[in-house]
Amino acid sequence: MHFAQDHLRPRRRPGKDRRLFLTGLLALSLCLPAASGTEASAATALRSDVRMVNGRPTIHLNGEAVSPMIYALTDVPGGRWSWEELPARTIGQFAARGFRLFQVDLFFDHCWREDGTMDISLARRQIAGVLQARRDAGVIIRFHVTAPKWWMRRHPEEWVRYADTHPRNESTEGFPRIIEEDNGPAERVSMASALWKTEATARLREFLRLLARTPEGRALAGIQVANGVYGEWHNWGFYRNEPDVSEPMNHVFASWLKKRYGSEEALRRAWNDPAVTFASARVPGLDARSATRGIFRDPATEGRTMDYYRCVHELVADNIIHFARTAKEAWPRPLIAGTFYGYYFSTFGRQAAGGHLELQRVLASPFIDYLSGPQAYEPEALKPGDAYRSRSLIMSVRLHRKLWLDEMDAEPTIPIPQAGDHDLILRNGVAAVRRNVLFSATKGMGLWFYDFGVAGVDLDNVRYNQRGSRGTWDHSVIMQDISAMKVIADARLRSPYTSDADVLFVYDTGSFYHTASLRGTDPFSTLTIDHATLAAFKSGVVFDPVHLDDLPLVDLRHYKTIVFGNIWVLTPEQRTYLRTQVASAGRTVVWYYAPGYSDGSTLDVGHCTALTGFSLIAETTATAPAVRILMPGDTARTYTTGTTPLAPLFAVDDPAAEVFGSYVASGHAAVARKVFHDHQAWYIAVPHAADQPLRSILRSGGAHVYATNGEIVYAGNGLLVVHMKNGGAHTITLRSGKTVRFDLPPGNHTLVLDPGTGATLLPVSPAIPDR
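What you are looking at is a predicted structure, and each value in this text was computed from that prediction instead of being measured.

Novice: What exactly am I supposed to notice about the environment of Val 104 here?
Specialist: Within the secondary structure layout, Val 104 lies in strand 5 (residues 101-107). Classification of Val 104 by relative accessible area gives buried; the value is 1%. For the pair Val 104 and Tyr 450, spaced 346 residues apart in sequence, the C-alpha to C-alpha distance is 9.8 Å. Residues within four places of Val 104 in sequence aside, it is in contact with Leu 73, Gln 126, Val 130, Val 139, Ile 140, Ile 141 and Arg 142.

What follows is the structure, given as structure tokens:
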């Protein structure tokens, strides 16, 4: 994925007419001889699956466990074909360092011709190029089931229609990626199109049947089904625009309502609309979506909008499951099927418009083996000293016996040979790669190295030596360190997985159906999701993130502190469980903003009081809410959330609570602690973008604090990984109480330690040859 500046990753300049491009591409493919014989054939036909081994979801090829470390080519022209010079070089480098799994991209545009025929020559070439480097390689194809451009032009009645703008013609300049303008209001086929789904299903089956008959097909290990923005199953244009008011979407919405309500009388009661019928229940436009007054939608008056968003998200999830099932059933042997899905963190406040809210639906499917997504891009996620992290609630993914794979496209710094600070730049690059790779390892999950560099792309303008002649990680020192991390990952497969987290963050996806969805209208959800977890990283503790629905699957004995994020909507059963089973056992519990404010039908601060044990009252401010806090051992500080008044707001009115922060305007309590007979609880009325007050709460709540000097700590899977922006003196406190001290040279560092002894598992600084 490829989000950038203004929160979207930079993209190549758009390009020439796709018909000319595809015609030339197919002509080239016909001129290239299909590899055959032993050069293209895998050593043996692969049977692939993901199964739980030692407490972690593990890829198996013909029964052999394989570390989930993958090398992946980009889809960008110049770096996407496995047989070409630079991609072939980098595939060979990773293969030489023990990598067995590789990923390549293919689109329907590459194989489904306008005359209706299926040409798999490029697919065969892609696999054959990998097999040139390693005969027993397993190849995963990221297969974009997106309608090819010629099909889209033939069926304008199937296009997505945006609620706030018109589709925009794509530029005819340059030599673009097929997905170049996905995130604009581009001309694309609606994900509600029944015609596209029917034809794409048949063509995917045909593609796989043909590929299965070839020597190259013996090496296919998986299919990752892709569609939506950048293949990541976001609604088209979701970042800036609102989906989808097309006729196909209206047809799906009507069918969905019939299934949900059964009768028009039930629909009328739910929507509080005596005149609505299934035939008249159209997709809500922009006016209806923006009618929310405050952060929460009113279930009594906004049922249509809430139902629409739920319908859209169920549609996307069902499409994913459908195409994954199609791939598995069309292949003659067991085959891994995966998808981009489950993004929760770093979703730019656009969860309802195009996030992944039906996580439980996808996790429940037997046809999905792995979920994946690019690492978080914001806030503070990629630069030196930042907390690299996954986008998903990956504890939930593991609890459902699925694998999570990060798409790691963050670039290390690689110096030019004559750089005066050559060694420092290179050490910084190694530190970044270690941080990124080993975060996934500590969570018992995996990743792929997504290589924009082979196409000459410098995503973040950080690689000092990007001249279009090297892959992203193509430096001997960095590759040697990757090799060493691969050895560590391989060894961990033989040991039981354990998480060393003793802080648990609990989040909900369904709450976004109940909150305002337009940009900037719900800052509190973003703060409790992205910024609260960032504060935890900065606090020196280790935490796991889990979905609210999966909380009963968690062994809560491991967690000293439990932080509840956006659990704004709760059922009676959930309220009882949280009060009796979670807020107990001597734990510290942190409640943010409006826990349980909605029961799905009503909005009432009394729900929050009954759940948390704090007596809460409504609060109003004429300006953006400002809170002054003084946490134990800290200095007083004032923070303001947003730039305009927000509603609803709440304050603590409880004589049994100890106050640590108050609204500046009224003096009413906004941050408070209350001690109960079986637990202590904190309530934070206004979430904050900075690390306080949560940092003080976590450090005093019984969780183990590994470091207190700005270090980022990951721990689990027999690894303790500590990343720091600056050298100097750093003291790490192990769980045993033992301390280990490091005096580090200037620059960024990532220490890889044995969590029991503090011994280094990788050299503190990489060995850099003399130049």
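Novice: What am I meant to see in the pattern of salt bridges here?
Specialist: When their charged atoms lie close together, side chains carrying opposite charge are able to pair. One pass over the full model with this rule turns up 36 salt bridges. A salt bridge links Asp 136 to Arg 134; the nearest nitrogen and oxygen atoms lie 2.5 Å apart. Of the charged contacts, one joins Asp 307 and Arg 260 as a salt bridge, the two residues approaching to 3.5 Å between their closest N and O atoms. You can see Asp 307 sitting in helix 9 (residues 303-330) and its partner Arg 260 sitting in helix 6 (residues 247-261), a full 47 residues away along the chain. Look at Arg 260 and you get partly exposed, because its relative accessible area is 42%.

Novice: Got a minute to help me understand the sheet that holds strand 23 (residues 712-716) in this structure?
Specialist: By way of backbone hydrogen bonds, the strands of a sheet pair with one another, either parallel or antiparallel. Pairing within the open sheet is antiparallel, and its three strands lie in the order 23-24-27. For this open sheet the edge positions go to strand 23 and strand 27 (749-753), each flanked by a neighbour on one side alone. The average angle at which neighbouring strand axes cross in this sheet is 10 degrees, direction not considered. In this structure, strand 23 lies alongside strand 24 (residues 719-724), joined through five bridges in antiparallel fashion. Pairing of Val 713 across the sheet is with Val 722, part of strand 24. Sitting on the sheet, helix 13 (residues 422-442) touches strand 23, strand 24 and strand 27, and the angle it makes with strand 24 is about 145 degrees.

Novice: Just checking my understanding: could you explain the packing of aromatic side chains for this structure?
Specialist: In total, this model carries 40 aromatic pairs according to the counting rule given. Measuring from centroid to centroid gives 5.0 Å for Phe 94 and Phe 99, while their planes differ by 85 degrees, and the two rings are edge-to-face. Side by side, Phe 94 and Phe 99 carry an identical accessibility label, which is buried. Consider the rings of Phe 99 and Phe 449, whose centres lie 5.8 Å apart with planes at 70 degrees: the pair is edge-to-face. Of this pair, Phe 99 sits in the loop between helix 2 (85-96) and strand 5 while Phe 449 is found in strand 11 (residues 446-451), placing the two residues 350 residues apart along the sequence.

Novice: Sorry, what's going on with the sheet that holds strand 6 (residues 138-144) here?
Specialist: Sheet architecture is closed into a barrel: eight strands sit in the order 4-5-6-7-8-9-10-11, paired in parallel fashion. Neighbour-to-neighbour, the strand axes of the sheet open up by a mean angle of 25 degrees, direction not taken into account. Bridging between strand 10 (residues 403-408) and strand 11 involves four bridges; their strand directions are parallel. Looking across to strand 11, one finds that Glu 407 is bridged to Trp 448. This element, helix 3 (residues 121-133), spans strand 5 and strand 6 of the sheet and lies at about 160 degrees to strand 5. Across the sheet, helix 9 touches strand 7 (220-226) and strand 8 (336-340), and the angle it forms with strand 8 is around 155 degrees.

The rules behind these values
All residue numbers refer to positions counted from 1 along the written sequence of the respective chain. Where local features are concerned, this predicted model is filtered to residues with pLDDT of at least 70; where side-chain atom pairs are given and counted, the filter is 80 or more; whole-chain, interface and lining totals use all residues. Derived side-chain values reflect all non-hydrogen atoms in the structure, with water molecules and hydrogen atoms excluded from consideration. A run of DSSP states H or I qualifies as a helix once it reaches four residues; a run of E qualifies as a strand once it reaches two. Both are numbered from the N-terminal end. For each residue, the accessible area found with a 1.4 Å probe, counting protein chains only, is set against the maximum for its type, and the residue is called buried under 20%, exposed over 50%, and partly exposed in between. Residue contacts are counted whenever heavy atoms from the two residues lie within 4.5 Å of one another. Counted as salt bridges are all cases of a side-chain nitrogen of Lys or Arg within 4 Å of a carboxyl oxygen of Asp or Glu. In this analysis, strands are considered paired if DSSP registers two or more bridges between them. For helices, the axis comes from a line fit to the C-alpha atoms of the stretch in contact; other axes are also lines fit to C-alpha atoms, and the angle between any two N-to-C directions lies between 0 and 180 degrees. Put simply, two rings from Phe, Tyr or Trp (the six-membered ring, in Trp's case) pair if the centres are within 6.5 Å, and we call them stacked under 30 degrees between planes, edge-to-face over 60, tilted for the rest.

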